[in-house]
Amino acid sequence: MFSLYSYEALAAAAILAAASIIYTAIYRLYFHPLAKIPGPKLAALTFWYEIYFNVVKPGMFVWEIKRLHQIYGMPLLRIQLTVEISK
């Protein structure tokens, strides 16, 4: 039913997807304009960090931001692909 060519195409697609994910991660961590702003690396990579604190631990993301400000001691934090400014 499947030929060798379809498996090769599937393997090529998987390699391309993995390369794209790795490229995006490296870019967001090291080359993004906000890369030098402190914050959790997982939060800099994906929106899942916020989703975890808002869905798994409902409504706790606000408290997590406060905790991160205490840890990093900075008014400017990278908590997503964006920046959080606290006064």
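Quick caveat, the model's predicted, so the values are computed rather than measured.

Once that is clear, we can look at the packing of aromatic side chains. Tallied over the full model, the rule gives four aromatic pairs. Summarising the aromatic geometry, the rings of Tyr52 and Phe53 are spaced 5.1 Å apart at their centres and angled 85° between planes, so their arrangement reads as edge-to-face. The exposure class of Tyr52 is partly exposed, given its relative accessible area of 37%. Arranged with centres 6.5 Å apart and planes meeting at 40°, the rings of Phe53 and Phe61 form a pair that is tilted. Phe61 shares its class with Phe53; the two are buried. Feature note: the residues Tyr49, Tyr52, Phe53 and Phe61 constitute an aromatic cluster, connected by ring pairs.

Before going further, it helps to examine the environment of Leu77. Here Leu77 lies in strand E1 (residues 76-77). The class for Leu77 is buried, based on a relative accessible area of 0%. The spatial distance from the C-alpha of Leu77 to the C-alpha of Leu34 is 9.6 Å, given a sequence separation of 43 residues.

With that settled, consider the nonpolar core. Core analysis: the largest hydrophobic core is formed by eight residues, namely Ala43, Tyr49, Phe53, Phe61, Ile65, Leu68, Leu77 and Ile79. At the level of secondary structure, the elements contributing two or more residues to this core comprise helix H3 (48-56) and helix H4 (61-72). The residues contacting Phe61, other than those within four sequence positions of it, are Tyr49, Glu50, Phe53, Asn54 and Ile79.

Cut-off values and rules
Residues numbered from 1 in each chain as written. Predicted model: local features only at pLDDT ≥ 70, side-chain atom pairs only at ≥ 80, totals over all residues. Heavy atoms only, no water. Phe/Tyr/Trp six-rings, centres within 6.5 Å; stacked < 30°, edge-to-face > 60°. Buried < 20%, exposed > 50% of the residue type's maximum accessible area, 1.4 Å probe, protein only. Helix = DSSP H or I, 4+ residues; strand = E, 2+ residues; numbered from the N terminus. Core = buried A, V, L, I, M, F, W, Y, C linked by side-chain atoms within 4.5 Å. Contact = heavy atoms within 4.5 Å.

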